[in-house]
Amino acid sequence: MEIVLCRDVLDAASRCADIVEELLQEKPDAVLGLPTGTTPLPFYEELRSRSLSFARVRSFNLDEYIGLPEGHPGSYTAYMARNFDVNACSVCLPDGRAEDLEKAASAYEALIQEAGGIDLQILGIGRNGHIGFNEPGSSLKSRTRVKTLSEPTLKANASDFEGIEPPTMALTMGIGTILEARRIVLLAAGASKAIAVRDMAEGPLSANCPASALQMHEKPVVFVDPEAASQLANTEYYQRSQALQEKLKNA
Ligand code: GLP
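Before going into details, it helps to say that this report is about the structure given with it.

Calculation rules
Residues numbered from 1 in each chain as written. Predicted model: local features only at pLDDT ≥ 70, side-chain atom pairs only at ≥ 80, totals over all residues. Heavy atoms only, no water. 1 Å grid on protein atoms, 1.4 Å probe; cavity = no way out; pocket = protein on both sides within 12 Å on 5 of 7 lines; lining within 4 Å. Points joined across faces, edges and corners; volume = space filled by probe spheres on them. Helix = DSSP H or I, 4+ residues; strand = E, 2+ residues; numbered from the N terminus. Nonpolar A, V, L, I, M, F, W, Y, C, P; charged D, E, K, R; others polar. Near = heavy atom within 4 Å. Polar contact = N/O pair within 3.5 Å; in protein donor to acceptor, adjacent residues only side chain to side chain. Sits in = over half its atoms within 2 Å of the grid points. Phe/Tyr/Trp six-rings, centres within 6.5 Å; stacked < 30°, edge-to-face > 60°. Buried < 20%, exposed > 50% of the residue type's maximum accessible area, 1.4 Å probe, protein only.

**Focus: the layout of surface pockets**
Thought 1: If you add up the space inside the largest pocket, you get close to 690 Å³.
Thought 2: For the largest pocket, the lining is made up of 33 residues, of which Thr36, Gly37, Thr38, Tyr76 and Asn157 are closest to its centre.
Thought 3: Elements with a contribution of two residues or more to the lining of the largest pocket: helix H3 (76-83) and helix H5 (151-157).
Thought 4: Of the residues forming the lining of the largest pocket, the biggest block, four residues, is contributed by H5.
Thought 5: Residues of the lining of the largest pocket, tallied by class, amount to 13 nonpolar, 15 polar and five charged.
Thought 6: Counted as a void, the second largest pocket has a volume near 570 Å³.
Thought 7: Around the second largest pocket, the lining is made up of 18 residues, and of these Glu2, Ile19, Val221, Phe223 and Lys249 lie nearest the centre.
Thought 8: The element that contributes the greatest number of residues to the lining of the second largest pocket is helix H8 (residues 235-250), accounting for five residues.
Thought 9: Split by residue class, the lining of the second largest pocket holds six nonpolar, three polar and nine charged.

**Quick notes on the site of the ligand**
Thought 1: Contacts to the ligand come from 13 residues, most closely from Thr38, Thr39, Asp63, His130 and Lys193.
Thought 2: With respect to the ligand, the backbone of Thr38 contributes an N or O atom lying 2.7 Å from an oxygen atom.
Thought 3: Side-chain polar atom of Asp63 to a nitrogen atom of the ligand: 2.8 Å apart, as the coordinates give it.
Thought 4: Taken atom by atom, the bulk of the ligand overlaps the largest pocket.
Thought 5: For the shell around the ligand, the residue count by class is three nonpolar, eight polar and two charged.

**Some words on the packing of aromatic side chains**
Thought 1: According to the stated counting rule, one finds eleven aromatic pairs in the structure shown.
Thought 2: Ring geometry for Tyr65 versus Phe161: centroids 5.0 Å apart, planes at 85 degrees, classification edge-to-face. A residue pair is termed long-range when its members are at least 10 positions apart, and Tyr65 in strand S4 (residues 63-65) and Phe161 in the loop between H5 and strand S8 (169-172) qualify at 96 residues.
Thought 3: When its relative accessible area of 4% is taken as the criterion, Phe161 is described as buried.
Thought 4: Ring centres 6.4 Å apart and planes at 75 degrees place the aromatic pair Tyr76 and Tyr79 in the edge-to-face group. Of this pair, Tyr76 and Tyr79 both sit in helix H3, three residues apart, which is roughly one turn of the helix. In this structure, Tyr76 and Tyr79 share a single accessibility class: buried.
Thought 5: One aromatic cluster is present, formed by Phe43, Tyr44, Phe54, Tyr65, Tyr76, Tyr79, Phe84, Phe133 and Phe161 through successive ring pairs.

Next up, the structure:
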């Protein structure tokens, strides 16, 4: 796993946008896997500030809440409409309002396959190490399915649902689905993510920290801000490796 120690969350966002930009230069019809949450907001802002064409891009979001009223601002569908140019790009999310959720889950997997698989999956991380809504205990080979949200996740996301009964379940890509992406970039910012980042990168591979499954991916890259990196033990190594990699790139 390549750990990139970033100056701050804006630096992380801009490095992540660089990767998207380079990919779109190589492959204008790339398939993106996209995240939601607070952490990726500066990344979406950065994308909006660059003149990139998403006309031929297809994107698949990681997850969507189940059972929210249509258009609810806390839904990830609404989040994407606010933060990403959904008119310029074909944006897909799991159908959290489907009557038959199992069918919706397999249809989502089929859509990803039909698009040729995900070229670049961008991820955030939950305080408990979840990716998408794959909560601790998730099978490391799981596919898109219904997951019950954990107590810490319900608490962390509660402010998005003031005045209504907050959703307690979600449709999420599985860990197996995520690991099939050809490239993976994870963004982590803030002290509340420090333990999860440590467990993901330096802990054992374990369903208790779903993000540790990235250890099984060929080449995941993690952009962390100083707070999120504060519990890492091997920072000296990451710094040295980063400096050498940059030297190699610019040689
Ligand atoms: C939600 C999303 C995750 C996201 C996580 C962290 O639970 N399902 O994909 O990574 O929140 O969000 P934040 O960046 O707001 O901490």
